[in-house]
Amino acid sequence: MTVTLEVAEGVGTLRLDRPPMNALDVATQDRLKELAEEATRREDVRAVVIYGGERVFAAGADIKEMQNMDHTAMVLRARALQDSFTAVARIPKPVVAAVTGYALGGGCELALCADYRIAAENAKLGQPEILLGLIPGAGGTQRLPRLVGPSKAKDLIFTGRMVKADEALAIGLVDRVVPAAEVYEQAHAWAARLAQGPALALRAAKEAVDAGLETDIDTGLTVERNWFAGLFATEDRERGMRSFVEEGPGKAKFL
């Protein structure tokens, strides 16, 4: 299998495994969508890590496969390509990308689907599609500017240049830079901590933020208000408030 889902301590690891560079061919895209949807459904998965292994996150699409596709073939495939990445972005649980080595093209776009990105000191990220006479097609023209702003996104997309981890951190493309040997450990720790939290409140927070970014502030406030009020019907809210009153802040256990 080119992608696997392994679950431990409430954390599901979506592991890319297509040596040597984890090129995202059609089969890998489809498998990614299948497992992202499984992670969404499974109650024992409360947070997710996306990981490509110790050497590389994902160097991009399978160019040899794409070279043989004409316009008609890509018209038929482009939606499925985007859907596989959107399935990851819509996992209603905290998702962290553990980025080692190259995260280019589709690899960078996959990292953009996470809520948080931890990168190795030797990581390199970019959207080099322009060098092939293309533009990003798996969400890069939409998710990248929402993350780093339109001018920085256009610089990366227009030039196709790679950025090293320190620049990626400076522009907000990644959120933390750590030694390469610690990337997965720290990503798993981030996810495991959140896996102990109130699942419905975390789901609500993610949906409120994501939905709010796509609409006007009044609509966003309506989304927030509805989720906020709705959480008063949950056992986790009762447990959290009771613990606060009886034991003080930060002591509640939600599992």
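Above: the structure in question.
All values derive from a computational prediction rather than experimental measurement.

Turning to the pairing of strand β6 (residues 116-120), a few remarks are in order. Of all 5 residues making up β6, 4 are buried, and the element is well covered by its neighbours. Pairing geometry for strand β4 (residues 95-99) and β6, over 4 bridges, is parallel. What sits directly across from valine 99, in β6, is alanine 119. Bridge count for β6 against strand β9 (residues 176-178) is 3 bridges, and the pairing is parallel.

Turning next to unusual backbone geometry. Here the bond from proline 19 into proline 20 is cis, since omega is 5°, no more than 30 degrees from zero. With respect to the helices, strands and loops of the structure, proline 20 is situated in the loop between β2 (11-16) and α1 (26-41). For glutamate 9, which is not glycine, the phi dihedral falls at a positive 55°. Assignment of secondary structure puts glutamate 9 in the loop between β1 (3-8) and β2.

Another aspect to go through is the sheet that holds strand β7 (residues 124-126). Here 3 strands make up an open sheet; going across it, the order is β5-β7-β8 and the pairing mixed. Strand pairing shows two members of the sheet lacking a second neighbour, β5 (102-104) and β8 (162-164), which therefore form its edges. In this sheet, adjacent strand axes meet at a mean angle of 20° when their direction is disregarded. Examined bridge by bridge, β7 and β8 share 3 bridges and lie antiparallel to one another. The residue of β8 that forms the bridge with glycine 126 is methionine 162.

Within the fold, alanine 47 resides in strand β3 (residues 47-51). Since its relative accessible area comes to 0%, alanine 47 is described here as buried. C-alpha separation for the pair alanine 47 and glutamate 167, spaced 120 residues apart in sequence, amounts to 27 Å. If we ignore the near neighbours within four places in the chain, the residues touching alanine 47 are Gly10, Val11, Gly12, Lys93, Pro94, Ala191 and Ala195.

A few words on the pattern of salt bridges. Considering all chains together, one arrives at 15 salt bridges under this definition. A salt bridge links arginine 146 to glutamate 214; the shortest N-O distance between them is 3.2 Å. Taken together, the residues span a long stretch of sequence, with arginine 146 in helix α5 (residues 140-148) and glutamate 214 in the loop between α9 (199-213) and α10 (217-230) at a distance of 68 residues. For aspartate 236, the salt bridge is made with arginine 239, and the minimal N-O distance between the two is 3.0 Å. Of this pair, aspartate 236 and arginine 239 both sit in helix α11 (residues 235-247), separated by 3 residues, roughly a single helical turn.

Next up on the list: α5. Among the residues making up α5, those that are buried are Gly140, Leu144 and Val148. On an axial view of α5, the arc spanned by its buried residues comes to 20°, and they lie on one face. Where the residues of α5 are buried, they touch α4 (106-112), α6 (150-159) and α7 (165-171). Once α5 finishes, glycine 149 follows within two positions and takes phi at roughly 95°, a positive value.

Conventions we followed
- Residues numbered from 1 in each chain as written.
- Predicted model: local features only at pLDDT ≥ 70, side-chain atom pairs only at ≥ 80, totals over all residues.
- Heavy atoms only, no water.
- Buried < 20%, exposed > 50% of the residue type's maximum accessible area, 1.4 Å probe, protein only.
- Helix = DSSP H or I, 4+ residues; strand = E, 2+ residues; numbered from the N terminus.
- Pairing = 2+ DSSP bridges.
- Axes fitted to C-alpha atoms, helices over the stretch in contact; angles between N-to-C directions.
- Contact = heavy atoms within 4.5 Å.
- Salt bridge = Lys/Arg side-chain N within 4 Å of Asp/Glu carboxyl O.
- Arc of directions from axis to C-beta.

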